[in-house]
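Take a look at the letters that make up each chain.
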Amino acid sequence: MNLDDHAEHPADGLYGQFRDVLYDAEGRRQWDRGWVRNTIVADCRRLLAGFVRGTPTTAEAVFGLAVGTGIPAWDTSGPPQPSPNQAALVDTHPHLVPRAQLQLDYINPANGTISAQPTGTLQLKAVLGPGVPGWPDVDHPTGTLREFGLVAKLNGAQILINYRTHPAIAKDPASTLERTIWLVF
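A brief report on the enclosed structure follows. Treat the numbers as computed from the prediction; the structure is a model and nothing was measured.

### Concerning the nonpolar core
Alright, step 1. One finds Leu65, Leu150 and Ile161 to be the most contacted residues of the largest nonpolar core, which totals 27 residues.
Alright, step 2. Sorting the residues of this core by element identifies β1 (15-23), α1 (42-53), β3 (59-68), β7 (121-128), β8 (144-154), β9 (157-170) and β10 (176-184) as the ones contributing at least two each.
Alright, step 3. Here this core gets five residues from one element, more than from any other, and that element is β8.
Alright, step 4. If near-sequence neighbours (up to four positions away) are discounted, Leu65 is found in contact with His95, Leu96, Val97, Leu102, Ala126, Phe148, Gly149, Leu150, Arg179 and Ile181.

Following this line, the structure appears as structure tokens:
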């Protein structure tokens, strides 16, 4: 018998998913893309190991949601599949939604409701309201979004723990994008 037949694979069930809903200036829902899988990247596993190991490793929880323009050519070729080895957004000047502006909740996996007790599912919700991000600017000719990632810190360095490319979202200055992300451990 092969020893690998009995090996545990605790990270096999680790995954992420997200849902985007766009609202117009009057608060009317323009579209809802439904739930889509996203990619937990390699640095998330390093971050989890840092939390478990503790000192001398310093592991800091999610401190923001980075959103970026990606590459405009993705609009015709389709966005590339995210790589589990992704270390940063393609946009070198992404907008960061800070943790203080994120709503974080545990989710009861049995019914999808918010739980007061820790569970194996964490929900992060970001609302990018009118004027957020403040593009166009010198680095972004439009307000179009094509990628995002959750960022944390490991030993003082910013790391990407979750990443996704997606079809272009033409985020005009009056619209609101509500992005909900689930991390399932």
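### Remarks on the pairing of β8
Alright, step 1. β8 sits mainly inside the fold: ten of its eleven residues count as buried.
Alright, step 2. Bridging between β3 and β8 involves seven bridges; their strand directions are antiparallel. Within β8, the residue paired with Ala66 across the bridge is Gly149.
Alright, step 3. In this sheet, β9 lies alongside β8 in antiparallel orientation, the contact comprising ten bridges. Across the sheet, residue Lys153 finds its bridge partner in β9, namely Gln158.
Alright, step 4. In this antiparallel pair of consecutive strands, β8 and β9, the connection spans two residues, and Asn155 shows a positive phi of 50°.

### Concerning the environment of Gln86
Alright, step 1. One can find Gln86 in the loop between α2 (74-77) and β4 (95-98).
Alright, step 2. Spatially, the C-alpha atom of Gln86 lies 8.6 Å from that of Asp43, the residues being 43 residues apart in sequence.
Alright, step 3. Leave out the neighbours within four places in its chain, and Gln86 touches Val41, Leu160 and Tyr163.
Alright, step 4. Polar contacts involving the side chain of Gln86 include one to the main-chain carbonyl oxygen of Ala88, which spans 2.7 Å.

About the criteria used
- Residues numbered from 1 in each chain as written.
- Predicted model: local features only at pLDDT ≥ 70, side-chain atom pairs only at ≥ 80, totals over all residues.
- Heavy atoms only, no water.
- Core = buried A, V, L, I, M, F, W, Y, C linked by side-chain atoms within 4.5 Å.
- Buried < 20%, exposed > 50% of the residue type's maximum accessible area, 1.4 Å probe, protein only.
- Helix = DSSP H or I, 4+ residues; strand = E, 2+ residues; numbered from the N terminus.
- Contact = heavy atoms within 4.5 Å.
- Pairing = 2+ DSSP bridges.
- Polar contact = N/O pair within 3.5 Å; in protein donor to acceptor, adjacent residues only side chain to side chain.

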